[in-house]
Amino acid sequence: MTPQTLRGTARKDTVMSTRPVGRRGLLLGAGGVLATGLLAACGSEPSAPPAPPTGKQLAEPTPVQTTEQIEEIVPEVNAAVVAADEAKDAAKLAPRVSGSAAEFRKAVYGLIEKAPEWAEDLKVPGAGTIVPMSSVSAEFPRVAIALVEDSVQDGVPYFLAMQQKDAKSGYTAWGWAQQAVGVDMPTVPNAVVGSEALTADAEGLVMTPAQALELYAKVLTDGDAADPDDKLAANPFQTGTHERIQAERKELNKGVEWDEAGTIRETYSVRDGELAGLRTEDGGAIVMATLMSSRKVAIKDGATMRYAEDNKYTKVIGTREFTKQYVREFGTHVALYIPSADAGGQVQPIGATQTALAASGE
Amino acid sequence: MQRLLAVLLVLIGLIGLVLGRLGETTWAPETETTATATLEDPGPAVVIDPGVLYVGGEKGEVVIEGASDVSVITASNSDIDAYLEGVHHTRVTGASDWSTLSTEDVEPDGAAEISDPTGSDLWRSVDTSASPYTLDIGEFWAAENGENEQVYRSLLIVTDGTAAGADKISITWPVDDENEWVPYAYAGGAAIAVIGLVLLVVSIGRRGDEDEGELLEEPQEARSSAARTSLATGGAAAGAAAGGLSQDRDGSNADADSSDAPRAEDPLDAPGAREVGEQSVWSIGDRADDAGTGADGTASDAGSDGGSPGADPSGDDADQERR
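None of these values were measured; they are calculated from a predicted model. (Residues numbered from 1 in each chain as written. Chains lettered and ligands numbered in written order. Predicted model: local features only at pLDDT ≥ 70, side-chain atom pairs only at ≥ 80, totals over all residues. Heavy atoms only, no water.)

## Side note on the overall build of chain B
Helix and strand counts for chain B come out as 10 helices and 10 strands. Pairs at least 24 residues apart make up 80% of the contacts formed inside chain B by residues separated by at least 6 positions. (Helix = DSSP H or I, 4+ residues; strand = E, 2+ residues; numbered from the N terminus. Contact = heavy atoms within 4.5 Å.)

The structure is reproduced here in structure tokens:
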């Protein structure tokens, strides 16, 4: 390539870059870029807000009450009972204590007015929650059961039955049953999982809660003869009650023929309207209810039952001699474990607390 | 003209860059957006529906203003609904646009008061604070996600149960947004500016070439004249050499001149011819060839050779001559 050729090439490039069409193109291109930018700036409007996200949909219902919520309620129950007991004023039980628990307390305060030693029989559930059991059923009324400490140091825990009537009402405790000693306790679901609430006629159990309670009341009344199929397991409350009745029977007929002076019988019945049932982890159920009982000493004609010294019943009645009858009324909060139908087994009473309500005689 | 165009392009490019910068700063979108609901007679309770807090993201802040202390309550959504049954209340259902929260008046003929609204056993949490109450959305989100994942919760807002549940609710979300055209402004501006700069450099360089070319041509012509003067006054050999150059440049009849040119003497031996050759090597080379060819009696062949710029009087050399 000669120097002449090189020079010619350089000239050609220079001439092409200065063509009029190229200048116009550059100007148009530059203007276009800027215009595009400006149009984009004007045209970029924010999108409309989206609909609120729904979040996770739970496959299983969750407890309607958390452990924390139950742990806030239980101390208030304890505080209400303590305050009422101190003042012997049943009105102080509200709003945390209701139903049979309030009625029983009021009755005991009446006994205490006549015989102060009745105060020793007052049972007070503690403020500490050991095991909370909450329902996963959102419908009202709602139930919850908590195993709570005894207010007495190293005492035996209580099953505390609670109910929430409606959304505008708070939970109220309608009864507490002291845990049976020496009885295996069922396993309950984790409080985070919750339990299915059960009604009196719930199925899937060896018997419905209503049937189990009827059976228990019958056995308490009539003894093991009322349970020929041995569906009810032995339990400390039944044993203790029957032992006390037999002891009184012996005392009543001391020195005479069998039942010659009089008879003694305690009759139990299930109180309507109070039942808390929650499913246990094995498919069974813990059921709490209230039993009412009347222990009646029927004195034979011509006989007289006389106490040598006053006791807290005779102080209430105002006499130590009875020629017709001597009656004591009790209310008992009980807790039962009913196995699932698949697992089978005996209905196991796991707790009971009996309260004397009244005494009369003539 | 070329330089003016280049300057224009550079200016346009700079404007594009400035626009890009403004789009990032002054004209940049807001870093957060706030949707507000001013509540007129909302009833003793206000409910923010589940998920409304997350319409603009999982971070931000809720500000609630009330006539007295504000209590923010969480609970199961169905429990809140059950609790407010028969009670006049207002629900915040979402955001109609990024500055307005949409609301719904519920049961306007319902009860106008709630007794002890913070005391229900249904409430999972109750947090009371002086107005304005602020709630961190990120913390609230964390409480119902991750290990604690659950259905998004409603927020129940109350004051004392008799006054309005809230007077004003604002939800502020951070905005991770930018002007979409900023990258284009930067890229386009930079490209145009670079093109303009290149053009500017080229035009300056070419101007330099032109100036150089003019400077080169002027002494060459001056020296050619001097050569012609020398030819007129100098020896016959020098005159023959100069005459050959002159004829070639003018494009006149080379055959006639070549036939007349002395051949026995070396033209470079002439003082004037040697001086010209030293000053314009390309021209001398070309012309020397031409002259040589002509001297060889092949001038007509050389004239028909289009590939030889030196021999083509209508070629670029001719343009150069005209300039």
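## A word on the pairing of strand S10 (residues 325-338) of chain A
All names here are of chain A. In terms of burial, S10 is largely enclosed, as 12 of its 14 residues are buried. Both strand S7 (residues 285-299) and S10 contribute to a ladder of 14 bridges, which runs antiparallel. Note on S10: the bridge partner recorded for Leu291 is Thr332. As defined by bridge partners, S10 adjoins strand S11 (residues 348-361) across 12 bridges and the pair is classed as antiparallel. When the bridges of S11 are listed, His333 appears paired with Thr353. (Buried < 20%, exposed > 50% of the residue type's maximum accessible area, 1.4 Å probe, protein only. Pairing = 2+ DSSP bridges.)

## Re the UniProt feature "transmembrane region" (unreviewed entry) in chain B
UniProt tags residues 181-202 of chain B as "transmembrane region" (unreviewed entry). A helix fraction of 95% and a strand fraction of 0% characterise residues 181-202 of chain B, whose end C-alpha atoms lie 31 Å from each other. (UniProt positions renumbered as here; feature names shortened; annotations may be inferred.)

## Side note on the pattern of salt bridges
Residues and elements named next belong to chain B. The tally for this structure, following the rule as stated, stands at 19 salt bridges over all chains. Put simply, Glu24 and Arg21 hold a salt bridge, and the shortest N to O gap is 3.1 Å. With Glu24 and Arg21 both in helix H1 (residues 2-24) and 3 residues apart, this pair spans about one turn of that helix. For Glu24, a relative accessible area of 42% translates into the label partly exposed. For Arg21, a relative accessible area of 48% translates into the label partly exposed. (Salt bridge = Lys/Arg side-chain N within 4 Å of Asp/Glu carboxyl O.)

## Focus: the confidence of the model for chain B
Predicted coordinates in regions of low pLDDT should not be interpreted in detail. Residue and element names in this part refer to chain B. A residue-level look at chain B finds 65% of positions with pLDDT of 70 or above and a mean pLDDT of 75. Below pLDDT 50 for its whole length, residues 229-323 participates in 84 contacts with residues either more than four positions away or in separate chains. Per the prediction output, this complex has pTM 0.70; the corresponding ipTM is 0.81. (pLDDT = per-residue confidence, 0-100.)

## Focus: the nonpolar core
With 44 residues, the main nonpolar core has Val97, Trp118, Leu160 and Met162 of chain A as its most contacted residues. Not counting residues up to four positions away in its chain, the partners in contact with Trp118 of chain A are Val108, Leu111, Ile112, Lys312, Tyr313, Val316 and Ala356 of chain A. Val52, Tyr133, Phe140 and Ala166 of chain B belong to the second-largest nonpolar core, a separate cluster that totals 27 residues. (Core = buried A, V, L, I, M, F, W, Y, C linked by side-chain atoms within 4.5 Å.)

## A closer look at helix H3 (residues 67-87) of chain A
All names here are of chain A. For H3, with 21 residues, the first-to-last C-alpha span of 31 Å sits near the 30 Å given by 1.5 Å per residue. Along H3, the positions that sit buried rather than exposed are Gln69, Ile70, Ile73, Val74, Val77, Asn78, Ala80, Val81, Ala84 and Asp85. Angularly, the buried residues of H3 cover 165 degrees about the axis, an arc narrow enough to put them on a single face. Exposed residues on H3 whose side chains face more than 90 degrees from its buried face are Glu68, Glu72 and Glu86. Among the structural elements, helix H4 (99-114), strand S1 (125-134), strand S2 (142-150), strand S3 (158-164) and strand S4 (171-178) are those in contact with the buried residues of H3. Positive phi appears at Lys88, one or two residues downstream of H3, with a value of about 50 degrees. (Expected span 1.5 Å × (residues − 1). Arc of directions from axis to C-beta.)

## Focus: a negative patch on the surface
Residue and element names in this part refer to chain B. Where like charges cluster on the molecular surface, the negative patch consists of Glu40, Asp41, Glu65, Glu104, Asp105 and Asp167. Along the chain, Asp167 falls in the loop between strand S9 (154-158) and strand S10 (168-174). Taking relative accessible area as the criterion, Asp167 reaches 31% and is therefore assigned partly exposed. (Patch = residues over 30% accessible without salt bridge, like charges linked within 9 Å, V, L, I, M, F, W, Y side chains within 5 Å. Areas by Shrake-Rupley, 256 points an atom, 1.4 Å probe, with all protein chains shown as cover. Lys, Arg positive; Asp, Glu negative; His and termini not counted. Charge placed at Lys NZ, Arg CZ, Asp CG, Glu CD.)

## So, a nonpolar patch on the surface
Taken together, the side chains of Met1, Leu4 and Leu8 of chain B present a nonpolar region at the surface, about 330 Å² in accessible area. Note that Leu4 of chain B resides in helix H1.

## Quick notes on the sheet that holds S2 of chain A
Strands belonging to one sheet form pairs held by backbone hydrogen bonds; the direction of such a pair is parallel or antiparallel. Residue and element names in this part refer to chain A. Reading across from one edge, S1-S2-S3-S4 is the order of the 4 strands in this open sheet, with antiparallel pairing throughout. In this open sheet, the two strands that pair with only one neighbour each are S1 and S4. Taken pair by pair, the neighbouring strands of this sheet meet at an average axis angle of 30 degrees, ignoring direction. Relative to S2, S1 is paired through 6 bridges, and the arrangement is antiparallel. In the sheet register, Pro132 faces S2, and the bridge partner there is Ala146. (Axes fitted to C-alpha atoms, helices over the stretch in contact; angles between N-to-C directions.)

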